[in-house]
Amino acid sequence: MDAVQRPALRVRTREAADLGDLAERLPRREGVAWIRDGSGLIGCGEVARYKASSFADAERWWADLVEAAEIESDLDDPPSGSGLVAFGSFVFDPDNTDSQSILIVPEVVYGHRGGRSWITEISDPTKQALTPPLTRSAPPAAEPDSAPEAPRTVSYADGALSGPQWEGAVAEAVRRINANGLDKVVLARNLLAVADRDLDPRWLVRQLSGTYRRCWTYLVDGLVGATPEMLVRSEAGLVTSRVLAGTIRRTGRDDHDLALAAALSGSSKDLEEHEYAVRSVAAALAPYCSGMNVPDAPYVLELPNVLHLATDVTAALDPGTTALGLAAALHPSAAVCGTPTDLARTTIAELEKMDRGRYAGPVGWIDARGDGEWGIALRCGQIDDTDPRQIRLYAGCGIVAGSDPEAELAESNAKLVPMRDALAG
Ligand SMILES: C=C(O[C@@H]1C=C(C(=O)O)C=C[C@H]1O)C(=O)O
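Residues numbered from 1 in each chain as written. Predicted model: local features only at pLDDT ≥ 70, side-chain atom pairs only at ≥ 80, totals over all residues.

### What about the overall build of the chain?
Secondary structure summary: the chain contains eight helices and 23 strands in total. Long-range contacts, defined here as pairs at least 24 residues apart, represent 76% of the contacts in the chain between residues at least 6 apart. (Helix = DSSP H or I, 4+ residues; strand = E, 2+ residues; numbered from the N terminus. Contact = placed C-beta atoms within 7 Å.)

### Quick word on unusual backbone geometry
Omega for the bond connecting H331 with P332 falls within 30 degrees of zero, at -5°, which places this linkage in the cis form. Take P332: it is sitting in the loop between α6 (323-330) and β19 (338-339). Across the junction of T339 and P340, the peptide omega takes the value -10°, indicating a cis bond. Within the fold, P340 resides in the loop between β19 and α7 (341-351). The residue D37 is not glycine, and still its phi comes out positive at about 50°. According to the C-beta neighbour criterion, D37 is exposed, with 12 such atoms within 10 Å. Of note, A236 is a non-glycine position whose phi angle comes to about 50°, a positive value. (Buried ≥ 20, exposed ≤ 12 C-beta atoms within 10 Å, placed from the backbone.)

### Looking at the UniProt feature "domain: Chorismate-utilising enzyme C-terminal" (unreviewed entry) in the chain
Residues annotated by UniProt as "domain: Chorismate-utilising enzyme C-terminal" (unreviewed entry) correspond here to residues 165-415. Taken end to end, residues 165-415 has its terminal C-alpha atoms 18 Å apart, with 35% of it in helix and 35% in strand. (UniProt positions renumbered as here; feature names shortened; annotations may be inferred.)

### Topic: the domain arrangement of the chain
Accessible area lost on assembly of the parts is the figure often given for the size of an interface. On domain assignment, one finds that the chain holds domain 1 (10-123) and domain 2 (154-424). The centre of domain 1, based on its C-alpha atoms, is set 23 Å off from the matching centre of domain 2. With 36 residues of domain 1 at the contact, the number on the domain 2 side is 42 residues. Those elements that place two or more of their residues in the side of domain 1 that touches domain 2 are β2 (31-36), α1 (55-68), β6 (85-89) and β7 (101-105). Take the side of domain 1 that touches domain 2: its biggest share by element is six residues, from β2. (Domains from an automatic or database assignment.)

### Some thoughts on the site of the ligand
Around the ligand, 17 residues are found, and the nearest of them are T247, A335, L378, G396 and G398. Elements that contribute at least two residues to the shell around the ligand include exactly β11 (184-195), β15 (238-249) and β23 (390-399). Here the residues of the shell around the ligand are counted per class, giving nine nonpolar, five polar and three charged. (Near = placed C-beta within 6 Å. Nonpolar A, V, L, I, M, F, W, Y, C, P; charged D, E, K, R; others polar.)

### Some points on the packing of helix α5 (residues 268-285) against α6
Helix packing geometry: the angle between the two helix axes and the distance between the axes. Contact pair α5 / α6: the axes reach a minimum separation of 9 Å and the direction vectors enclose 130°. Between α5 and α6, the crossing angle belongs to the class labelled oblique. In the crossing of α5 with α6, the sense of the turn from one axis to the other is right-handed. Residue-level inspection shows V281, A284 and L285 of α5 in contact with α6, the latter providing L326, A329 and L330. Of the residues belonging to the contact of α5 with α6, the class tally is six nonpolar, no polar and no charged. (Axes fitted to C-alpha atoms, helices over the stretch in contact; angles between N-to-C directions. Parallel < 35°, antiparallel > 145°, perpendicular 65-115°, else oblique. Left-handed = near helix turned anticlockwise from the far one by under 90°.)

### So, helix α3 (residues 201-211)
An α-helical turn contains 3.6 residues, so any two residues separated by three or four positions project in the same direction. Burial analysis of α3 places nine of its 11 residues in the buried class, which makes it a mostly covered element. Taken together, the buried positions of α3 are occupied by P201, R202, W203, L204, V205, R206, Q207, L208 and S209.

### Section: the environment of A284
Among the secondary structure elements, A284 is positioned in helix α5. Sequence separation between A284 and I348 is 64 residues; the distance between their C-alpha atoms is 21 Å. When residues no more than four places from it in sequence are discounted, the contact partners of A284 are A329 and L330.

### Description of the pairing of β11
Summarising burial for β11: 10 of the 12 residues are buried, a large majority. With five bridges connecting them, strand β10 (residues 154-158) and β11 associate as antiparallel partners. Residue pairing in the sheet places D158 in a bridge with L191 of β11. Note that β11 and β19 share two bridges and pair antiparallel. When the bridges of β19 are listed, K184 appears paired with T339. As defined by bridge partners, β11 adjoins β23 across 10 bridges and the pair is classed as antiparallel. Considered in β23, the bridge of V194 is made with Q390. (Pairing = 2+ DSSP bridges.)

### Quick word on the nonpolar core
Grouped together as the largest cluster of nonpolar side chains are 123 residues, with contacts concentrated most on L187, A327 and I399. Split by domain, the residues of this core number at least three in each of domain 1 (10-123) and domain 2 (154-424). When near neighbours in sequence (up to four residues on either side) are disregarded, L187 contacts A169, V170, A173, I348, L351, E352, G396, C397 and I399. (Core = buried A, V, L, I, M, F, W, Y, C linked by C-beta atoms within 7 Å.)

### Some remarks on helix α2 (residues 163-179)
A rise of 1.5 Å per residue sets the reference length of α2, with its 17 residues, at 24 Å; its end C-alpha atoms lie 24 Å apart and thus fit the reference within 8%. Among all positions in α2, only W166, A169, V170, A173, V174 and I177 are buried. Seen along its axis, α2 keeps its buried residues to an arc of 145°; they face one direction. Facing away from the buried side of α2, by more than 90 degrees, are the exposed residues P164, Q165, R175, N178 and A179. At its buried positions, α2 is contacted by β11, α7, β23 and α8 (405-424). (Expected span 1.5 Å × (residues − 1). Arc of directions from axis to C-beta.)

Structure below.
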């Protein structure tokens with residue numbers, strides 16, 4: 001017998017007429033979120049939480065939980081994400097962090113995807129339910145919390161490195177690229193933001209999901225952000241990965257931004273950086289998939305703050321691999337680590353002088369069939385668990401031979417804009 005006790009969860013899913021704005025379902029405490037353009041999943045409460053030492057450990061825990069669960073669904077042809085789901089967030093580098101990878105199974109999940117809405121209740125019969133059981137006639141209301149609160153004033157302080165120090169790290173990375181077989185390394189920096197009162201994750205999720213509708217807004221255990229990058233989605237046998245690399249800051253003037261987009265698609269530095277990232281994703285997916293489609297040239301993804309070179313890789317999944325297994329195979333991609341991977345990872349640990357925690361790790365959800373979506377935790381912040389007035393914001397840039405430290409600092413600032421704006425209220 002296994003030493004870890006796993007509850008036999010009871011899971012019931014039923015169709016829901018209209019859940020309204022999903023973000024409004026998020027409770028102030030013990031909430032998890034995954035929203036894109038009004039669709040996604042919101043979880044309230046927690047029936048199970050697991051600190052995973054690795055992807056394989058998380059996969060084992062999830063497989064056992066699924067096997068023991070009693071799952072019922074009223075839905076015909078239940079969509080991915082209905083039924084039993086776990087939300088998760090994984091550390092970037094388990095060897096260089098004090099943080100832990102985590103999986104959370106909520107008590108209630110509100111889902112809306114592909115034009116369908118549902119509510120899933122998950123209970124552990126061995127524990128007292130935290131919320132009263134749902135009845136057909138009375139769908140659960142959003143928690144009767146107070147309204148989400150904007151932070152009033154927020155002050156910022158340098159994180160591990162000041163701007164000029166980080167520029168020095170970028171210059172050193174360029175030197176190493178020219179000297180020792182490193183092709184690309186992604187260097188990140190952090191900032192500490194301190195509000196005058198406890199941060200309300202609901203406020204941040206609403207701001208981010210409202211403004212960054214093309215991104216996936218997520219909240220898992222205090223890590224909150226809106227990522228434009230889908231590491232891997234696996235749904236009914238179809239695998240998709242959105243690779244981003246190559247960035248330009250928007251000016252807010254459409255004619256000028258159009259010219260910038262043209263310059264981005266023609267920039268050999270950005271195309272080279274992009275190529276590394278696409279190749280690393282295609283190579284990592286290949287053993288698990290067939291019929292892979294890798295477009296020849298990237299398109300320009302427009303976000304409110306930046307333009308990115310983007311490539312959507314698609315493939316058919318060979319049976320036997322879950323979304324989490326694919327995320328394990330893909331992480332860390334060249335978009336957030338570099339090439340070659342091991343040399344890039346040690347260069348990051350040496351030059352960044354910070355703990356990335358769960359920044360740049362996979363964040364998302366998995367269901368009982370193994371379908372799921374795992375984005376890369378970018379454009380985010382980690383709310384401090386001991387002082388919830390504080391949040392540490394992260395942003396990074398792909399450094400290649402032609403990178404200029406000053407331009408990279410400006411690019412990292414552009415990538416901090418979503419979180420800074422969300423904090424500004
Ligand atoms: C590392 C980040 O972003 C990554 C780096 C990019 C780049 O250097 O052009 C673009 C998108 C992401 O893959 C970040 O946002 O922190």
